[in-house]
Amino acid sequence: MTHYWQNDQEYISLVEDLIYTDEVQALREFKQHHYTNRLEHSISVSYRSYLLAKKWNGDLRATARAGLLHDLFFYDWREEKMGEGTHAYAHPRIALKNARKLTEISPLEEDIIVKHMFGATIAPPKYKESYIVTLVDKYCAVEEVLSPLYRKMKLKAISFI
Ligand SMILES: [Fe+2]
Ligand SMILES: [Fe+2]
């Protein structure tokens, strides 16, 4: 299946050295919000944030790359003995550490990754790109939960007619 982002050469050129690495591909193994895996979620956040950064004259490269790496952690927090608050604080920092093993991380990219839980964590983003990613991350989380339900409801409605 071809995904929407796979037709966007400009986007691909920004992330292709990261997206096919074993580390990023391993995110496929982790469930995210019940219906998607962490890889699909990370690509959605990255690509949608990149489109908004384009619209608002942001740094496309930093937004696409940090968006892709913002959840680069390899555990299921529901199975770890850590509370939701601890996870909200810890996982952006773990993702940053893992991201640094893959590529050079700029101060802007660092801010995007570390501040993406703003709302659940206190430190506010420093850049507009960080606001874009934290908002898109929340939007995707809601959509990932709702869209399968919505699809189910629509199918039911159609079969009813
Ligand atoms: Fe996250
Ligand atoms: Fe996320």
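Residues numbered from 1 in each chain as written. Chains lettered and ligands numbered in written order. Predicted model: local features only at pLDDT ≥ 70, side-chain atom pairs only at ≥ 80, totals over all residues.

1. With respect to the environment of N57
And step 1. One can find N57 in the loop between α3 (38–55) and α4 (60–69).
And step 2. With 8 C-beta atoms packed within 10 Å, N57 lands in the exposed category. (Helix = DSSP H or I, 4+ residues; strand = E, 2+ residues; numbered from the N terminus. Buried ≥ 20, exposed ≤ 12 C-beta atoms within 10 Å, placed from the backbone.)

2. A look at the packing of α3 against α4
And step 1. Contact geometry for α3 and α4: axes closest at 7 Å, N-to-C directions at 160 degrees. When the axes of α3 and α4 are compared, the pair comes out roughly antiparallel. Considering only the axes of α3 and α4, their crossing is right-handed. On the side of α3, the interface is formed by S42, I43, V45, S46, S49, Y50, A53 and K54, while α4 contributes L60, T63, A64, G67 and L68.
And step 2. Across the contact of α3 with α4, the residue classes tally to seven nonpolar, five polar and one charged. (Axes fitted to C-alpha atoms, helices over the stretch in contact; angles between N-to-C directions. Parallel < 35°, antiparallel > 145°, perpendicular 65-115°, else oblique. Left-handed = near helix turned anticlockwise from the far one by under 90°. Contact = placed C-beta atoms within 7 Å. Nonpolar A, V, L, I, M, F, W, Y, C, P; charged D, E, K, R; others polar.)

In short, shape yes, function no, at least from these values alone.
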